[in-house]
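The lines below spell out each chain.
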Amino acid sequence: MIEKPSFQARFLLPKYWLTWLGVGLLYFISWLPYKWQLALGRGLGRLFYKVVPKRAEVARRNLELCFPELSSEAVETLVKKNMENTGIAFFETGMAWWWPNWRIRRKLHVHGLEHLQTPQNEGKGVLLLLFHFLSLEVHARLQGFIIPGVGLYRPHNNAVMEFLQTRGRGRSNKYMIPRTDVRSMKQAIEQGEVAGYLPDQDYGRRRTVFAPFFAVEQASTTTGTLLFAKSKKCAVLPTTCYRREDGTGYDVTFYPEFENFPTGDDIADVTRVNQMVEFAIQQQPDQYLWVHRRFKTRPSEDDPSLYKRS
């Protein structure tokens, strides 16, 4: 468990000055009008598309693998839109970490809240499945206004960024748990907490099975979901957060609890999770984090990389 950290004098050492400069600029921009920040983000994303071609290529390849029915023109249109949304996500981090409650709360539009309240009223803990959409930082902040929860996270190597992200992500929630601390996560669920978990990336070979994901028949998929779902009185339910195209905020939706889950068939169970991820992506494919190499781990170490062009 990671409580909200305190400022330390060592954060002022010269090696952190560039970090503070970048953070200070982001903090200043976070006070600009919301629609200005959206416009700046789109512009930044168009710059990313041109000057960081490797990231755009990863997004392009992921989309080709997932949606082979799309034409090259349709894929490229989606890549460009996705990079614009990636730029917006940069500024959304500032909004999520520093906006006062009154400002960010009025951007929240909640749907399906009864699906979250029902297991809570029954005394269950909730394993809340979140997915890597580009508004994830905002999603975490908004969740705290609905029902504050706890979440797994990866500690940052930069001490200043670790300080800032832990305080920012915990601003309206309870506390953070390092992703390797499985015991604390299970305890939180068993104590009736709402615990956020992201099951939709390639985490390597540990606690992994290979299951279908879109058109890729064998995608490395974590079984961590099943590990936590086995906790006593645990309800597993998905949630999504989409940015509204008209700039009026974010739609946070809670979906029905998974029934009869887990079943004991790991491949069937993680396939069910993957199908929910697919459904979520299909609603707003341009807002998903496509720049992650989702299919980097192959069933056999001798299998060729899906990211190498023939």
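Residues numbered from 1 in each chain as written. Predicted model: local features only at pLDDT ≥ 70, side-chain atom pairs only at ≥ 80, totals over all residues. Heavy atoms only, no water.

Trainee: Sorry, what's going on with the nonpolar core here?
Mentor: One broad trend across soluble globular proteins is that nonpolar side chains are buried collectively. Ranked by internal contacts, the top residues of the largest apolar core, which has 52 residues, are Leu127, Ile281, Trp290 and Phe295. Contacts of Ile281, omitting those with residues within four sequence positions, involve Phe67, Phe133, Phe213, Phe214, Tyr288 and Trp290. Core analysis: the next-biggest nonpolar cluster, separate from the first, contains 39 residues, Leu38, Val138, Val194 and Cys241 among them. (Core = buried A, V, L, I, M, F, W, Y, C linked by side-chain atoms within 4.5 Å. Buried < 20%, exposed > 50% of the residue type's maximum accessible area, 1.4 Å probe, protein only. Contact = heavy atoms within 4.5 Å.)

Trainee: Before we go on, may I ask you to explain the pattern of salt bridges in this structure?
Mentor: Should their charged atoms come close, side chains of opposite charge can pair. Per the stated rule, a full pass over the model turns up 12 salt bridges. For Arg61, the salt bridge identified is with Glu64, shortest N-O distance 3.4 Å. Placement of both Arg61 and Glu64 in helix H3 (residues 53-66) is noted, with a separation of three residues, approximately one turn of the helix. For Glu64, a relative accessible area of 25% gives the class partly exposed. With a closest N to O distance of 3.5 Å, Glu257 and Lys124 form a salt bridge. A residue pair is termed long-range when its members are at least 10 positions apart, and Glu257 in the loop between strand E9 (250-254) and helix H11 (266-283) and Lys124 in the loop between helix H6 (113-121) and strand E2 (125-129) qualify at 133 residues. Shared partners join several salt bridges into a network, and the residues in it are Glu57, Arg60 and Glu76. (Salt bridge = Lys/Arg side-chain N within 4 Å of Asp/Glu carboxyl O. Helix = DSSP H or I, 4+ residues; strand = E, 2+ residues; numbered from the N terminus.)

Trainee: For this particular structure, what's the right way to read the side chain of Asn82?
Mentor: Within the secondary structure layout, Asn82 lies in helix H4 (residues 72-98). With relative accessibility at 0%, the residue Asn82 sits in the buried group.

Trainee: I tried to follow the UniProt feature "transmembrane region" (unreviewed entry) in the protein chain on my own but got confused; where do I start?
Mentor: In the numbering adopted here, UniProt assigns the feature "transmembrane region" (unreviewed entry) to residues 16-34. Regarding residues 16-34, the helix share stands at 74% and the strand share at 0%, and the terminal C-alpha atoms are separated by 29 Å. (UniProt positions renumbered as here; feature names shortened; annotations may be inferred.)

Trainee: What is the right way to read unusual backbone geometry from this model?
Mentor: Residues other than glycine predominantly adopt negative phi, and peptide bonds predominantly adopt the trans conformation. Cis geometry marks the peptide bond from Phe261 to Pro262; its omega dihedral reads -5°. The residue Pro262 is located in the loop between E9 and H11 in this model. You will see that Phe214, though not glycine, has its phi angle at about 50°, which is positive. Relative to the elements of secondary structure, Phe214 occurs in the loop between strand E6 (208-213) and strand E7 (216-222). A positive phi angle, close to 50°, is found at Lys233, a residue other than glycine. Summarising the element assignment, Lys233 is placed in the loop between helix H10 (224-229) and strand E8 (234-243).

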